[in-house]
Amino acid sequence: MAADSPPPAVPEPKPEPEQKPGPEPEPEPGPQPAEVHVRFDRVGKTFPGKGRGAAPHVALRDVSLEIRRGEVFGVIGHSGAGKSTLVRLVNGLETPTAGRVHVGPHELTALGEKGRREVRRDIGMVFQQFNLFRSRTVAGNVAYPLKVAGVRQPERDRRVARLLDFVGLLDRAHDHPEQLSGGQKQRVGIARALATEPSLLLADEATSALDPETTGEVLALLRQVNRELGVTIVIITHELDVIRSVADRVAVLDSGRVAETGSVYDVFARPRTEAAARFVGATLRDRPSAQTLARLRARHTGRLVTVRVRDDQGGFQTRLARTFLDHQVAADIVFGGISELQERPVGSLTFALTGPGGAVDAALVALRADGVDLAEEEEA
Ligand SMILES: Nc1ncnc2c1ncn2[C@@H]1O[C@H](COP(=O)(O)OP(=O)(O)OP(=O)(O)O)[C@@H](O)[C@H]1O
């Protein structure tokens, strides 16, 4: 982007919060229903075809979603799935061609441009390419949205220092963006997005330009923003690892539709749709690939069976071992592994099973009856 053109969609600040008198009131007993922060209600977005006679392009179809206040919500999908369009509908830069988008108490489709600008004031944006002013210092970049909103100098300086301290860049305040690494630039981008104290942060491929280590640092910072400041975060990405390490819940977007939505653990440990399973398979690699299977077959006799490991199968490894023993089946673990997702176990183990007569079949029937999720690896 041009050296000094303003970054897009930088929100203006909210008024300073009033000092609360006295202690916080006691919370109501019992669990509180999660408050919805962003709601998509059967949303569609069709773009007119480019050029004469070109067919219109359906970017989103019948999307219904609820993003809860205070959560980190991931939206994952391949290129062209409609992720950026979804973000632009939340900040009101696009309007849906069907359905409704609600942000907090506002229904965006019912608002005019002025109303949408108001809503945008409470939304921060973080971009893949950082969108920093090259000609301004780090502090100048973070101060920019405050300046636009008319926040006076002493208060502006105080807020900028506080934000730079929060993102760990206070000592770089007077540097220019080109003196910073990619990860540091994104920290500045996050500080700038937070300058106006938004309650909602939209991060569109915020780590896609960064190496894995830096990605981890930026994601940890976003998690800190969520936990310490209570900001709702929507992370748009094509990388499952990003969702896996930072999101509470996820929606899998496939060709403009929500294929699946739920907690990160549920969607990844037991994907119900082909689209989700494809993402999971590509990242967790919990099933041996065709080449690996060919190698395993060459090395091992017996039938290859893969068992999924999940946390709702208490004591299942003992049950597994006992079932094999009861049926006189020899079970060699030949592939697999168990890792953690949201601090819960997830993974798979591939066994080479051998036994007399119909022993292997009988063991598999018993395991299935016991609720074990297993799949026999078919010959290619
Ligand atoms: N203004 C527009 N006019 C016409 N078509 C558009 C417009 N914006 C997006 N599209 C089309 O809508 C589809 C979804 O685009 P979108 O940018 O939302 O996908 P995405 O999942 O964010 O992909 P990427 O990761 O590649 O950015 C794409 O086919 C895109 O070409």
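The structure reproduced in this document is the subject of the present report. Since this is a predicted model, take the numbers as computed values, not measurements.

Rules used in this analysis
- Residues numbered from 1 in each chain as written.
- Predicted model: local features only at pLDDT ≥ 70, side-chain atom pairs only at ≥ 80, totals over all residues.
- Heavy atoms only, no water.
- Helix = DSSP H or I, 4+ residues; strand = E, 2+ residues; numbered from the N terminus.
- Buried < 20%, exposed > 50% of the residue type's maximum accessible area, 1.4 Å probe, protein only.
- Contact = heavy atoms within 4.5 Å.
- Areas by Shrake-Rupley, 256 points an atom, 1.4 Å probe, with all protein chains shown as cover.
- Pairing = 2+ DSSP bridges.
- Axes fitted to C-alpha atoms, helices over the stretch in contact; angles between N-to-C directions.

Moving on, we get to the overall build of the protein. Scanning the protein for helices and strands turns up twelve helices and 14 strands. In the protein, which comprises 380 residues, the share counted as buried stands at 44%. Residue pairs in contact within the protein that sit at least 24 positions apart in sequence constitute 70% of those at least 6 positions apart. Summed over all atoms, the accessible surface of the protein reaches about 19300 Å², with 49% contributed by carbon and sulfur.

To continue, consider the sheet that holds strand β10 (residues 257-263). Strand order in this open sheet of six strands is β6-β7-β8-β3-β9-β10, and the pairing throughout is mixed. Bordering the open sheet on either side are β6 (123-127) and β10, each of which pairs with just one other strand. When strand polarity is set aside, the average angle formed by the axes of neighbouring strands in this sheet is 15°. Bridge count between β6 and strand β7 (residues 200-204): five bridges; the pairing is parallel. Among the inter-strand pairings, Phe-127 is bridged to a residue of β7, identified as Asp-204. Sheet strands in contact with helix α1 (residues 83-90) are β3 (72-76), β6, β7, β8 (232-237) and β9 (249-254), and its direction is about 155° off that of β7.

Further remarks concern unusual backbone geometry. Positive phi values are uncommon outside glycine, yet Ser-255 reaches one of about 45°. Along the polypeptide, Ser-255 turns up in the loop between β9 and β10. Notably, Gln-342 is not glycine yet its phi reads approximately 50°, a positive angle. Considering the arrangement of structural elements, one finds Gln-342 in the loop between β12 (330-341) and β13 (344-354).

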